[in-house]
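Here is what each chain is made of, one letter per residue.
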Amino acid sequence: METNAQGIGWDARTQYPPYDRQLRQNVYAHYASGANMVEYWHWSTLHYGQETYWRGVLGHDLQPNRIYDEFKTTAQELARIGDRLIDLKKKNKTAILYSHDSYHALNFMPYTYKNNYPIDMVHKALYFQNIEADIIPCDKITDFKGYEMLVIPPLYVATDELLLAIDKFVKAGGHVVMMYKSGYCNEHSAVRATAAPGPLRKACGFHYQEFSTIGDMRLKDKPFELADKNQIGDWYEFLIPETAKPLAYAEHPFFGKWPVITENSYGKGKLTYIGTYPSQELLHTIIKKTAIEAKVITADNYTFPIIQRSGKNKWGKTIHYIFNYSTETKRITYTGDPAKELISNKLTQKGQEIILEPWEVLIMEQN
């Protein structure tokens, strides 16, 4: 959809053309996510009208340029190795439950001047830690078989059926990271006349009756070793544990009486609940802890700016894309099985050091 080449904009104030090799990276990022074709909007740049500065592969002079040369190089690579990349099949172990109803309801009844449905924070925490995730429209889908881990932004509006499906997922051995306000309203955005979090009470292992708007606070005793990044704010639920284990309290004489982050072992699985608006770093750390426990990632997993994407090609061979999204040369240890880098034809062994130049991508096909 409208893959861009040079700078874009309906005026000339947002002209940010890609650095060398970024356009090529962008092409392979699409293939790494399962695309079978990449096309551009557009080939040559318009000379008048609203999109005069929404620039294409060719500029206003219609002559080959730096962008065209990179486009050509990438096209030549695809002509040679493209049949190894198409029809990529991906099976992610993690899913984000996206609720359109909760998104709208929280914006109708906001609780913060920040993002009331912080899906961007959730996606960023997963992406930066190379936790590949599907995004499930949970207003319509309640079957979570095949996943090891669910990450749930504030599920403010939900049917009993959906909440009980999450309960069943945890009980059967799944791991969940769930954010505040979940389970509070039914599918009509009417508050349930029962102790929060309603049908999630057993899976969460707590109930609560009160909540409060708060300013910025820190967590007591630095439970996640984040120094000054141990920040919370905006919202605080007075969680009363039943079977849940408290993980963190606010550093505050009043609010600090109630835990605000808990984990509950339930059946064969575990649910971690965040009853406040966390800092990005705090959410990142909680998701990492859960992902390691769920065996979705290992403790030594690559992290941003090294991004890895994987899948199986039509021959059933595993393909690993490894990107360096930075201006610096990076050295990493290859953790996959023996593989051939498709563009260079170089063989790589497990445990071998790999050098990634700035804005580089390597495409490893395992033997």
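Residues numbered from 1 in each chain as written. Predicted model: local features only at pLDDT ≥ 70, side-chain atom pairs only at ≥ 80, totals over all residues. Heavy atoms only, no water.

A. Fine view of the packing of helix α4 (residues 119-127) against helix α7 (residues 280-293). At a minimum axis separation of 9 Å, α4 and α7 run at an interaxial angle of 55°. Taken together, the axes of α4 and α7 are oblique relative to one another. As α4 packs across α7, the resulting crossing turns out to be right-handed. Of α7, the residues touching α4 (which contributes Met-121, Val-122, Lys-124, Ala-125 and Leu-126) are Gln-280, Leu-283, His-284 and Ile-287. The class makeup of the residues in the contact of α4 with α7 is six nonpolar, two polar and one charged. (Axes fitted to C-alpha atoms, helices over the stretch in contact; angles between N-to-C directions. Helix = DSSP H or I, 4+ residues; strand = E, 2+ residues; numbered from the N terminus. Parallel < 35°, antiparallel > 145°, perpendicular 65-115°, else oblique. Left-handed = near helix turned anticlockwise from the far one by under 90°. Contact = heavy atoms within 4.5 Å. Nonpolar A, V, L, I, M, F, W, Y, C, P; charged D, E, K, R; others polar.)

B. Looking closely at the nonpolar core. Core analysis: the biggest nonpolar cluster contains 75 residues, and Ile-166 and Ile-261 have the highest contact counts within it. Take this core: its biggest share by element is six residues, from helix α5 (residues 160-171). Discounting residues that sit within four places of it in the chain, Ile-166 has contacts with Leu-97, Phe-144, Ile-152, Leu-155, Val-176, Met-178 and Leu-200. Counting residues in hydrophobic clusters, the runner-up holds 23 residues, among them Ile-81, Leu-85, Tyr-321 and Ile-343. (Core = buried A, V, L, I, M, F, W, Y, C linked by side-chain atoms within 4.5 Å. Buried < 20%, exposed > 50% of the residue type's maximum accessible area, 1.4 Å probe, protein only.)

C. Local environment of the pattern of salt bridges. One pass over the structure, following the stated rule, counts 17 salt bridges. Note that Glu-360 is salt-bridged to Arg-24, the shortest N-O span being 3.0 Å. Residue Glu-360 is located in the loop between β19 (353-356) and β20 (361-366), and its partner Arg-24 is located in helix α1 (residues 22-32); the two are separated by 336 residues in the primary sequence. Arg-24 shares its class with Glu-360; the two are buried. The salt bridge partner of Lys-270 is Glu-293, with a shortest N-O separation of 3.5 Å. Of this pair, Lys-270 sits in strand β12 (residues 269-274) while Glu-293 is found in helix α7, placing the two residues 23 residues apart along the sequence. On the basis of relative accessibility, which here comes to 17%, the residue Lys-270 falls in the buried class. Accessibility expressed as a relative area gives 32% for Glu-293, which makes it partly exposed. Several salt bridges share partner residues, and in doing so they unite Arg-21, Arg-24, Glu-77 and Glu-360 into one network. (Salt bridge = Lys/Arg side-chain N within 4 Å of Asp/Glu carboxyl O.)

D. Structural context of the sheet that holds strand β10 (residues 245-249). Pairing in this open sheet of seven strands is mixed, and the strands run β2-β1-β3-β4-β12-β11-β10 from one edge to the other. Both edges of this open sheet fall to β2 (133-137) and β10, since each of them pairs with a single strand only. Between one strand and the next, the sheet's axes are offset by a mean angle of 20°, whatever the strand orientation. Looking at chain direction, β10 and strand β11 (residues 259-266) are connected through four bridges and run antiparallel. Bridge pairing links Ala-248 to Ile-261 in β11. (Pairing = 2+ DSSP bridges.)

E. Structural context of α5. Taking 1.5 Å per residue as the helical rise, α5 with its twelve residues ought to reach 16 Å, and the 16 Å between its terminal C-alpha atoms agrees with that figure. By the burial criterion, the buried members of α5 are Leu-162, Leu-163, Ala-165, Ile-166, Asp-167, Phe-169 and Val-170. Residue Gly-173 follows α5 closely and has a positive phi angle near 120°. (Expected span 1.5 Å × (residues − 1).)

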